[in-house]
Amino acid sequence: MTPPPDVQALERAARDLRVTVLRMIHRAGSGHTGGSLSCAEILAVLYGAVLRVRPGEPRWPGRDRFILSKGHAAPALYAVLARKGFFDPSLLATLRRTGSPLQGHPTMSLPGVDLCTGSLGMGLSAGLGMALAARRLGGDWRVWVLCGDGELNEGQNWEAFMAMAKFRPANLTAIVDRNHVQLDGAENEIMPLGDLAARLRAFGVAAIPCDGHSVPSLLEAFDAAQRCGGPAAIVAETVKGKGVSFMEGQAAWHGKPLDDESFRRAMAELGEAAP
Amino acid sequence: MNGSHPTCPAPAPASKPMRVAFGEALIEFADAFPRMVVLDADCSSSTQTKLFAARHPDRFFNFGIAEANMVAAAAGMAAAGLIPVASSFAFLLALRAGDAVRSLVAYGGLNVKLVGGYAGLSDFADGASHQSVADLAVMTALPNMAVVVPSDLTETRLAVRAMLEREGPVYLRLSREAAGAVFGPAHPFEIGRGIVVREGADVTLAACGRGLLLALEAADELAGGGISARVLDLHTVKPLDAGAVEAAARETGAIVTVEEHNVIGGLGSAVSAAAAERYPVPVLRCGIPDRFGESGPYAEILARAGLSAGRIADLARRALALKRDPD
């Protein structure tokens with residue numbers, strides 16, 4: 001039996017991811033802050049307590065797969081992969097630098113990245129393919145796909161939900177980072193998703209709501225998704241820019257460069273010594 | 001480089017639709033490639049993947065009328081170790097699913113085989129909405145993508161095997177319609193290797209797909225007028241056999257390309273560029289003259305688009321006239 005997850009350790013991991021993300025984006029001079037901060041707990045819990053992966057053998061065929069369909073949250077993914085030991089954390093300083101495997105959006109040349117993403121709306125379809133491949137190849141891996149809520153504007157997601165309901169892979173879970181803000185503004189102004197859980201259920205996908213910033217709530221949701229026996233989508237309620245007061249809920253911090261003053265204030269809020 | 005190839009007999013009468021040869025090839029190679037699965041988007045009765053589906057229902061996935069979802073799912077399957085063959089109409093794969101092709105299959109270098117059926121004007125009765133004049137332009141411009149346009153039934157079968165053997169993304173462009181058997185079963189087909197189908201000294205007719213049959217006809221017509229035309233089968237538009245193009249330029253001094261695609265962005269563009277870079281000679285392009293197709297009998301709309309043996313022969317004579325005098 002695996003030991004029960006250490007909730008406090010996962011909470012600290014999420015906090016550390018936020019610090020790392022801000023350092024990376026500040027140093028790079030560009031990057032997507034808001035959507036990286038909103039998924040910190042999701043990634044911390046997935047990589048800390050759920051995913052069956054081997055950091056020393058990133059292409060291990062039997063591994064669980066994770067797709068960051070909202071590829072602009074790449075800094076958060078890179079931070080958690082480095083923390084997990086997929087590559088040397090010193091590489092984090094090369095985000096968006098020429099020749100770095102830490103491209104602006106994830107590529108498969110970086111150990112631990114299972115799919116190149118960035119153009120939105122396709123990760124769930126690809127996750128479905130990975131899940132169906134397990135059936136055909138006799139594997140027992142699970143596939144987790146993290147989507148943004150703004151990303152669900154793309155119709156292809158709904159093609160994927162339809163196909164999930166048809167093929168019924170029990171080893172595929174979508175996670176929606178429901179932070180309610182997209183590039184141009186509030187989701188309910190740009191393109192309202194309405195009652196997302198109801199829409200998912202209408203498409204034949206089990207909807208599992210949770211608090212995307214609560215480690216216990218996430219653990220429960222991930223567990224429910226694995227037990228539900230069919231296609232499931234976790235709707236994780238989150239706050240864009242979570243953890244930095246002046247970024248929270250602000251569309252402006254979707255992709256704004258992190259200036260020195262804002263960086264200093266953000267680090268202070270996270271209790272990190274001034275850089 | 002192109003290998004020399006014995007002069008082939010005149011094309012045999014069309015024996016079956018190219019799409020049927022494709023469907024049969026999937027079945028033929030199913031056992032040799034156990035990781036192959038086939039995906040279609042509610043067109044399996046048209047593309048003939050239904051033949052495979054009937055034989056291997058556990059290896060067939062119908063994604064409904066949702067090509068982008070199908071191609072992205074194929075990318076996921078490939079990333080997990082399968083060899084997915086994703087089939088639909090050519091224009092839908094290139095354009096409706098174009099972002100999934102670009103962002104996942106091509107950029108990821110994933111082992112997905114995209115098979116675009118009903119290409120060119122071959123969906124003649126349905127008209128421009130279903131015809132595909134731009135797919136080669138899209139597919140050839142994507143890094144990592146190989147683009148193959150078989151010219152007869154033999155090449156269709158061999159191209160299916162070759163794409164399954166090749167690691168990485170491949171776009172296979174097929175016709176809806178009857179295809180002849182230019183080549184025998186021992187045909188030395190290899191992705192990226194052009195084939196001299198008929199030797200000639202005055203001009204080269206470089207063709208892919210149905211263009212090859214027309215080029216052979218045109219070569220006969222030219223021979224009647226005392227012009228010796230080489231016929232070069234360039235079934236692979238990318239990676240193009242630039243060596244075969246250079247040899248054609250050096251040895252015959254003029255080239256006419258023949259393809260069932262817009263003259264922009266397909267074989268004609270690729271051959272022009274290769275000739276310009278390696279050994280500049282006149283290159284005239286026979287293809288669809290930057291317009292959409294239309295409904296009508298197949299041969300008739302092909303001819304109205306300028307795809308006929310007579311027009312190829314005309315272009316060959318013009319190309320000859322454009323040749324510069326030797327120094």
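Just so you know, the residues in each chain are numbered from 1, in the order the chain's sequence is written. To label them, take the chains in the order written and letter them from A, then take the ligands in the order written and number them from 1. Where local features are concerned, this predicted model is filtered to residues with pLDDT of at least 70; where side-chain atom pairs are given and counted, the filter is 80 or more; whole-chain, interface and lining totals use all residues.

Regarding the overall build of chain B
Point 1. The number of helices and strands found in chain B is 13 helices and 14 strands.
Point 2. Relative to the 2.2 N^0.38 estimate, which gives 20 Å for 327 residues, the radius of gyration of chain B is 19 Å and therefore close to what a compact globule would have.
Point 3. Dimensions of chain B, computed from C-alpha atoms along their principal axes, come out at roughly 60 × 40 × 35 Å.
Point 4. With C-beta atoms placed from the backbone, the exposure class of a residue follows from how many other C-beta atoms lie within 10 Å of its own: 20 or more, buried; 12 or fewer, exposed; in between, partly exposed. With 327 residues in all, chain B has 60% of them scored as buried.
Point 5. Whether two residues are in contact is decided by their C-beta atoms, placed from the backbone, lying within 7 Å. Here the contacts in chain B between residues at least 6 apart in sequence split such that 80% fall between residues at least 24 apart. Each helix is a run of H or I in the DSSP string that is no shorter than four residues. Each strand is a run of E no shorter than two, and both are numbered from the N terminus. We take the radius of gyration over the C-alpha atoms and set the globule estimate at 2.2 Å times the residue count to the 0.38 power.

Points about the overall build of chain A
Point 1. In terms of regular secondary structure, chain A is built from ten helices and seven strands.
Point 2. A compact globule built from 275 residues should have a C-alpha radius of gyration of about 19 Å, and chain A, at 17 Å, falls within 12% of that.
Point 3. Reported as C-alpha extents along the three principal axes, the dimensions of chain A are approximately 50 × 45 × 35 Å.
Point 4. Taking all 275 residues of chain A together, 51% fall into the buried category.
Point 5. If you take every contact in chain A between residues at least 6 apart in sequence, the share linking residues at least 24 apart comes to 75%.

Comments concerning the sheet that holds strand β3 (residues 172–178) of chain A
Strand pairing within a sheet occurs via backbone hydrogen bonds; the two strands may be parallel or antiparallel.
Residue and element names in this part refer to chain A.
Point 1. Note: two strands are recorded as paired if DSSP finds a minimum of 2 bridges between them. Read across the sheet, five strands follow the order β1-β2-β3-β7-β6 without closing on themselves; strand pairing throughout is parallel. For this open sheet the edge positions go to β1 (65–68) and β6 (206–211), each flanked by a neighbour on one side alone. This sheet shows a mean twist of 20° between the axes of neighbouring strands, independent of strand direction.
Point 2. Two strands pair when backbone bridges link them, and β1 and strand β2 (residues 143–148) are joined in this way by four bridges, in the parallel orientation. Lines fitted to C-alpha atoms define the axes, with helix axes restricted to the stretch in contact, and inter-axis angles between N-to-C directions lie between 0 and 180 degrees.

Describing the domain arrangement of chain B
Reports often express the size of an interface as the amount of accessible area lost when the parts come together.
Residue and element names in this part refer to chain B.
Point 1. Boundary definitions for the domains trace back to an automatic or database domain assignment. Under the domain assignment, chain B is made up of domain 1 (16–179) and domain 2 (195–322).
Point 2. Inter-centroid distance (C-alpha atoms) of domain 1 to domain 2 is 25 Å.
Point 3. Each residue is assigned to one class: nonpolar for Ala, Val, Leu, Ile, Met, Phe, Trp, Tyr, Cys and Pro, charged for Asp, Glu, Lys and Arg, and polar for all the others, Gly among them. Residue composition of the side of domain 1 that touches domain 2, by class: 14 nonpolar, seven polar and five charged.

Let's talk about the pairing of strand β4 (residues 83–89) of chain B
All names here are of chain B.
Point 1. Within β4, seven of the seven residues are buried, which leaves the element mostly enclosed by the surrounding structure.
Point 2. With five bridges joining them, strand β2 (residues 36–40) and β4 adopt parallel strand pairing. Residue pairing in the sheet places Leu 39 in a bridge with Ala 86 of β4.

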